[in-house]
Amino acid sequence: MSEDIEKQLAEKMKTRKFSVQMDQSTFRDSEAVFVTYVRSIDKGHFAGKMMFCKSLESISTA
């Protein structure tokens with residue numbers, strides 16, 4: 001995410017109620033990632049933004 005978009009999201013989070021969803025997902029090649037989303041209401045509509053997606057160091061198995 002560019003620095004400007006991060007600043008805009010941070011400013012919106014200061015003035016609005018929001019929820020955070022965190023999730024761990026695994027791709028076909030067993031690469032695990034940690035994803036965080038922020039959801040809020042923006043001008044009367046639900047808005048969702050991905051805050052970050054980080055690769056996890058450990059490999060998951062089925």
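Residues numbered from 1 in each chain as written. Predicted model: local features only at pLDDT ≥ 70, side-chain atom pairs only at ≥ 80, totals over all residues. Heavy atoms only, no water.

A. A look at unusual backbone geometry. In this structure, Lys43 takes a positive phi of about 55° despite not being glycine. Among the secondary structure elements, Lys43 is positioned in the loop between strand E2 (31–42) and strand E3 (45–59). (Helix = DSSP H or I, 4+ residues; strand = E, 2+ residues; numbered from the N terminus.)

B. Quick look at the pattern of salt bridges. Tallied over the entire structure, the rule returns three salt bridges. Put simply, Asp42 and Lys12 hold a salt bridge, and the shortest N to O gap is 3.7 Å. In this pair, Asp42 sits in strand E2 while Lys12 sits in helix H1 (residues 3–15), placing the two residues 30 residues apart along the sequence. Asp42 is paired through a salt bridge with Arg16; the nearest N and O atoms lie 3.1 Å apart. Taken together, the residues Asp42 in strand E2 and Arg16 in the loop between H1 and strand E1 (18–26) connect sequence positions 26 residues apart. According to the relative accessible area criterion, Asp42 is buried, its value standing at 19%. Judged by relative accessible area, Arg16 falls into the partly exposed class, the value being 28%. Overlapping salt bridges bring together Lys12, Arg16 and Asp42 as one network. (Salt bridge = Lys/Arg side-chain N within 4 Å of Asp/Glu carboxyl O. Buried < 20%, exposed > 50% of the residue type's maximum accessible area, 1.4 Å probe, protein only.)

C. Expanded view of the pairing of E1. As paired strands, E1 and E2 are joined by nine bridges and run antiparallel to one another. Residue pairing for E2: Val20 is matched across the bridge by Val38. (Pairing = 2+ DSSP bridges.)

D. Expanded view of the packing of aromatic side chains. In this structure the tally under the stated criterion is one aromatic pair. Between Phe34 and Phe52 the ring centres are 5.9 Å apart and the planes differ by 45°, which places this aromatic pair in the tilted class. Of this pair, Phe34 sits in strand E2 while Phe52 sits in strand E3, and the two are 18 residues apart along the sequence. Owing to a relative accessible area of 27%, Phe34 belongs among the partly exposed residues under this scheme. Relative accessible area serves as the criterion here: at 29%, Phe52 is assigned to the partly exposed category. In this structure, Arg39 is placed above the aromatic ring of Tyr37, and the distance from its NZ or CZ to the ring centre is 5.8 Å. (Phe/Tyr/Trp six-rings, centres within 6.5 Å; stacked < 30°, edge-to-face > 60°. Lys NZ or Arg CZ within 6 Å of the ring centre and 35° of its normal.)

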